[in-house]
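A look at the structure
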Amino acid sequence: MTFLGETSSQTIVNSTLGFIFSNGSIVHNDSGVYFQASTPVPIRVPNACDFQTLKIRIHNTLQLIDKQYLDEIYYRHPFTDTGNQFCFQCMQLKNDDDVNTMLMCNHQFSCVGPIELLCTIGRTPDDILNLLEETMTSTHDALLYYNGRWNMPRQHEFVGYSFI
């Protein structure tokens, strides 16, 4: 995927390979942390990148829809321990300085592999309500409405339907 004003070869030459672990988990082990998700998604991270550009790249790469948003971004940050062994810690990316640190570390520790990012994807409150409404069944409503009465106070119109 190229962006405005870029050619395909410029994207590859002026960027670093990374992988996005979408809504994955952070697992701790002897070498620090690693990210786990069903299928990591490849991404090209520009060598001169700010936080906003990274967020846009991730958003476009994951093809998020309007009702989804990028909530948090974590970087699997390499470092060497006192015995000169490679270890990893989890670093949350929140601003341009954090992204610069990520790019410098990746350059310094290029032998450890590509950039690894764990991203949490959020949904808007309206989207969550719509998902709940779509999953409500008539059986569920029948359980809530019994013997001419609601068994719990109705929160919104999607909780139950009139059986009249």
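Quick note: structure is the one above.
Residues numbered from 1 in each chain as written. Predicted model: local features only at pLDDT ≥ 70, side-chain atom pairs only at ≥ 80, totals over all residues. Heavy atoms only, no water.

Details of the nonpolar core
Counting residues in each nonpolar core, the largest one holds 22 residues, and the members touching the most others are Leu-54, Ile-58, Leu-93, Met-102 and Leu-117. If you list the elements that add at least two residues to this core, you get strand E4 (41-46), helix H2 (51-62), strand E5 (68-80), strand E6 (86-93), helix H3 (96-108) and strand E7 (115-123). (Core = buried A, V, L, I, M, F, W, Y, C linked by side-chain atoms within 4.5 Å. Buried < 20%, exposed > 50% of the residue type's maximum accessible area, 1.4 Å probe, protein only. Helix = DSSP H or I, 4+ residues; strand = E, 2+ residues; numbered from the N terminus.)

Remarks on the pairing of E7
Each regular strand displays side chains that alternate between the two surfaces of the sheet. Burial within E7 is extensive, with eight of its nine residues counted as buried. The sheet contact formed by strand E1 (residues 15-22) and E7 spans five bridges and is parallel. What sits directly across from Ile-20, in E7, is Leu-117. As judged from the seven bridges shared by E5 and E7, these two strands associate in the antiparallel manner. (Pairing = 2+ DSSP bridges.)

Observations concerning the pairing of E5
Alignment of E5 against E6, held across eight bridges, turns out to be antiparallel. If you follow His-77 over to E6, its bridge partner there is Gln-89.

Here we look at a nonpolar patch on the surface
Together, Ile-128, Leu-129 and Leu-132 make up an exposed nonpolar region whose accessible area comes to about 230 Å². The topology assignment puts Ile-128 in helix H4 (residues 125-135). (Patch = residues over 30% accessible without salt bridge, like charges linked within 9 Å, V, L, I, M, F, W, Y side chains within 5 Å. Areas by Shrake-Rupley, 256 points an atom, 1.4 Å probe, with all protein chains shown as cover. Salt bridge = Lys/Arg side-chain N within 4 Å of Asp/Glu carboxyl O.)

Digging into the pattern of salt bridges
A complete count under the given rule lists one salt bridge for this structure. Where Arg-76 meets Glu-116, a salt bridge forms, and the shortest distance between an N and an O atom there is 3.1 Å. Placement of the pair is Arg-76 in strand E5 and Glu-116 in strand E7, with a sequence separation of 40 residues.

Re H3
In a regular helix each residue adds 1.5 Å, so 13 residues correspond to 18 Å; H3 covers 18 Å between its end C-alpha atoms and thus fits that length. Those residues of H3 that fall on the buried side of the exposure criterion are Asp-98, Val-99, Met-102, Leu-103, Cys-105 and Asn-106. Seen end-on, H3 carries its buried residues on one side only, within an arc spanning 165 degrees. Exposed side chains of H3 directed beyond 90 degrees from the buried face belong to Asp-97, Met-104, His-107 and Gln-108. With a side-chain oxygen lying 3.1 Å from the backbone nitrogen of Asp-97, the N-terminal cap of H3 falls on Asn-95. (Expected span 1.5 Å × (residues − 1). Arc of directions from axis to C-beta. Polar contact = N/O pair within 3.5 Å; in protein donor to acceptor, adjacent residues only side chain to side chain.)

Note that every value here comes from positions in space, so none of it alone points to a role or purpose.
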